[in-house]
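The primary structure of each chain is shown beneath.
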Amino acid sequence: MYTIGQFAKICSVSVKSLRYYEKIDLLTPAQVDDYNQYRYYSWEQVEAMKSILFLKDLGIPLAKIKQIIAQGNKIEELAEVLEEHRQYLLGQLESTNSRLVRLARYRTTMEAIVMDEVNKYDVRLRDMPETLVYSSRKVMDNMLQQLPSLLRSMLEDISQRGGVCAGAPLILYYDDFYDESFDPQKVDVEAAWPVADPVLANNTLPAVRTACCTHVGPYDGLEKAYGAVFAWINENGYQAAFPTREISLTDPSVTPPEQLVTEILVPVVSKK
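Let me sum up the structure you'll find in this document. As the structure is a computational prediction, the values presented were derived from the model and not from experiment.

Considering the overall build of the protein chain
Logical step 1: Helix and strand counts for the protein chain stand at 9 helices and 12 strands.
Logical step 2: Across the 272 residues of the protein chain, 42% fall into the buried class.
Logical step 3: Partitioning the intrachain contacts of the protein chain with sequence separation of at least 6 by distance along the chain shows that 72% fall at a separation of at least 24.
Logical step 4: When the accessible area of the protein chain is evaluated, it comes to approximately 14,900 Å², of which 50% is carbon and sulfur surface.

In structure tokens form, the structure reads like this:
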């Protein structure tokens, strides 16, 4: 089971949205603590949340999404809704072409993700040493475009100063997903290149103990890795801390999506 904050991070949705979806009976928590009213969600609900967000992003009203879910996501009804919306998108091709691409992809790759996929990750404790870095922290509203551009420009800065990097780039996420104001569309991110020369460094990342695992595959599958790490943390007497870190071990500009390698590192503190 995942706390509401952890579930929000896994699904890239705000806690405020989760509470609203519960209020309108679109997605209710799997469990509510009778004593403190804390909400808990299951891994199976990740797929339900992804379906809701996908259909919502296509412009389908929440009332219609709720109707689809109430019918048990029957293939016939879902296919009918998707076809109706495809016709609508075709009528506005110029402004909605990106949605049509995602719809076609969804229709051809629709499949369930089961808990077994979470269990394939080897989650372990890893002590990260203090690290000199050349870094830049920004709030991004389009991270998929802005982050690669930032990393490239920083690498060029290091090279122009006659330096070289001492390792793969680190991405640090400062948003507290336990905070109800967490907004996945405005992500507080720090991009950092490790450097050996102190002259090149403008920051020092502190030493930290983390729970970590390695994800191989497209970035849009990272929720499985985060799900595995959070499950391990919850089951082993730890509490997640911030900022979370990702290490990109492959260059997405030259590496096929299925071969991308990303390390997920979540700082932990013992509850004992």
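Observations regarding the nonpolar core
Logical step 1: Among the nonpolar cores identified, the biggest contains 59 residues, and Phe 7 and Ile 233 are the most heavily contacted of them.
Logical step 2: The dominant element in this core, judged by the number of residues it contributes, is helix α9 (residues 222-235), at 9 residues.
Logical step 3: Setting aside chain neighbours within four positions, we find Phe 7 in contact with Tyr 2, Leu 18, Leu 27, Tyr 41, Ser 42, Gln 45, Val 46 and Met 49.
Logical step 4: In this structure, Met 128, Leu 170, Ala 192 and Ile 247 belong to the second largest nonpolar core, which totals 9 residues.

Overview of the pattern of salt bridges
Logical step 1: Applying the stated rule across the entire model yields 7 salt bridges.
Logical step 2: Residue Lys 50 is joined to Glu 223 by a salt bridge in which the shortest nitrogen-to-oxygen separation is 2.8 Å. Here Lys 50 is found in helix α3 (residues 44-57), whereas its partner Glu 223 is found in helix α9, with 173 residues between them in sequence.
Logical step 3: Residue classification places Glu 223 among the buried residues on the basis of a relative accessible area of 10%.
Logical step 4: In this structure, Arg 124 engages Asp 122 in a salt bridge whose closest nitrogen and oxygen atoms are separated by 2.8 Å.
Logical step 5: With a relative accessible area of 55%, Arg 124 lands in the exposed category.
Logical step 6: Connected through salt bridges with shared partners, the residues Glu 47, Lys 50 and Glu 223 form a single ionic network.

Some thoughts on the pairing of strand β9 (residues 208-216)
Logical step 1: Taken together, the 5 bridges between strand β4 (residues 124-128) and β9 define a ladder with antiparallel strand orientation. Bridge pairing in β9 places Arg 126 opposite Thr 210.
Logical step 2: With 7 bridges connecting them, β9 and strand β12 (residues 261-270) associate as antiparallel partners. Considered in β12, the bridge of Cys 212 is made with Leu 265.

Brief notes about the packing of helix α1 (residues 4-11) against α3
Logical step 1: Between α1 and α3, the shortest axis-to-axis distance is 10 Å and the interhelical angle comes to 55 degrees. With respect to α3, the axis of α1 lies oblique. In this structure, α1 meets α3 at a crossing whose hand is right-handed. Contacts between α1 and α3 pair Phe 7, Ile 10 and Cys 11 from the former with Gln 45, Val 46, Met 49 and Leu 53 from the latter.

Thoughts on unusual backbone geometry
Logical step 1: Omega for the bond connecting Phe 242 with Pro 243 falls within 30 degrees of zero, at -5 degrees, which places this linkage in the cis form.
Logical step 2: For Pro 243, the location among the structural elements is in the loop between β10 (238-240) and β11 (244-248).
Logical step 3: Residue Ser 12 is not a glycine yet carries a positive backbone phi of 55 degrees.
Logical step 4: Position of Ser 12 relative to the elements: it lies in the loop between α1 and α2 (15-23).

Things to note about the sheet that holds strand β1 (residues 2-3)
Logical step 1: The antiparallel open sheet is built from 3 strands, whose spatial order is β1-β3-β2. The open sheet terminates on both sides in strands that have one partner only, identified here as β1 and β2 (31-32).
Logical step 2: By the bridge criterion, 2 bridges tie β1 to strand β3 (residues 39-41) in an arrangement that is antiparallel. Note on β3: the bridge partner recorded for Tyr 2 is Tyr 41.

What about the packing of aromatic side chains?
Logical step 1: Overall, the coordinates contain 4 aromatic pairs when judged by the stated rule.
Logical step 2: For Arg 161, the ring lying beneath its charged end belongs to Tyr 134, and the centroid distance is 5.8 Å.

Some points on the environment of Tyr 219
Logical step 1: With respect to the helices and strands, the residue Tyr 219 is situated in the loop between β9 and α9.
Logical step 2: When the C-alpha atoms of Tyr 219 and Val 261 are compared, they prove to be 9.1 Å apart, with 42 residues separating the residues in sequence.
Logical step 3: When near neighbours in sequence (up to four residues on either side) are disregarded, Tyr 219 contacts Ser 248, Thr 250, Pro 252, Leu 260 and Thr 262.
Logical step 4: In this structure the side chain of Tyr 219 is engaged in a polar contact, spanning 3.5 Å, whose partner is the side chain of Ser 248.

What counts, and at which threshold
Residues numbered from 1 in each chain as written. Predicted model: local features only at pLDDT ≥ 70, side-chain atom pairs only at ≥ 80, totals over all residues. Heavy atoms only, no water. Helix = DSSP H or I, 4+ residues; strand = E, 2+ residues; numbered from the N terminus. Buried < 20%, exposed > 50% of the residue type's maximum accessible area, 1.4 Å probe, protein only. Contact = heavy atoms within 4.5 Å. Areas by Shrake-Rupley, 256 points an atom, 1.4 Å probe, with all protein chains shown as cover. Core = buried A, V, L, I, M, F, W, Y, C linked by side-chain atoms within 4.5 Å. Salt bridge = Lys/Arg side-chain N within 4 Å of Asp/Glu carboxyl O. Pairing = 2+ DSSP bridges. Axes fitted to C-alpha atoms, helices over the stretch in contact; angles between N-to-C directions. Parallel < 35°, antiparallel > 145°, perpendicular 65-115°, else oblique. Left-handed = near helix turned anticlockwise from the far one by under 90°. Phe/Tyr/Trp six-rings, centres within 6.5 Å; stacked < 30°, edge-to-face > 60°. Lys NZ or Arg CZ within 6 Å of the ring centre and 35° of its normal. Polar contact = N/O pair within 3.5 Å; in protein donor to acceptor, adjacent residues only side chain to side chain.

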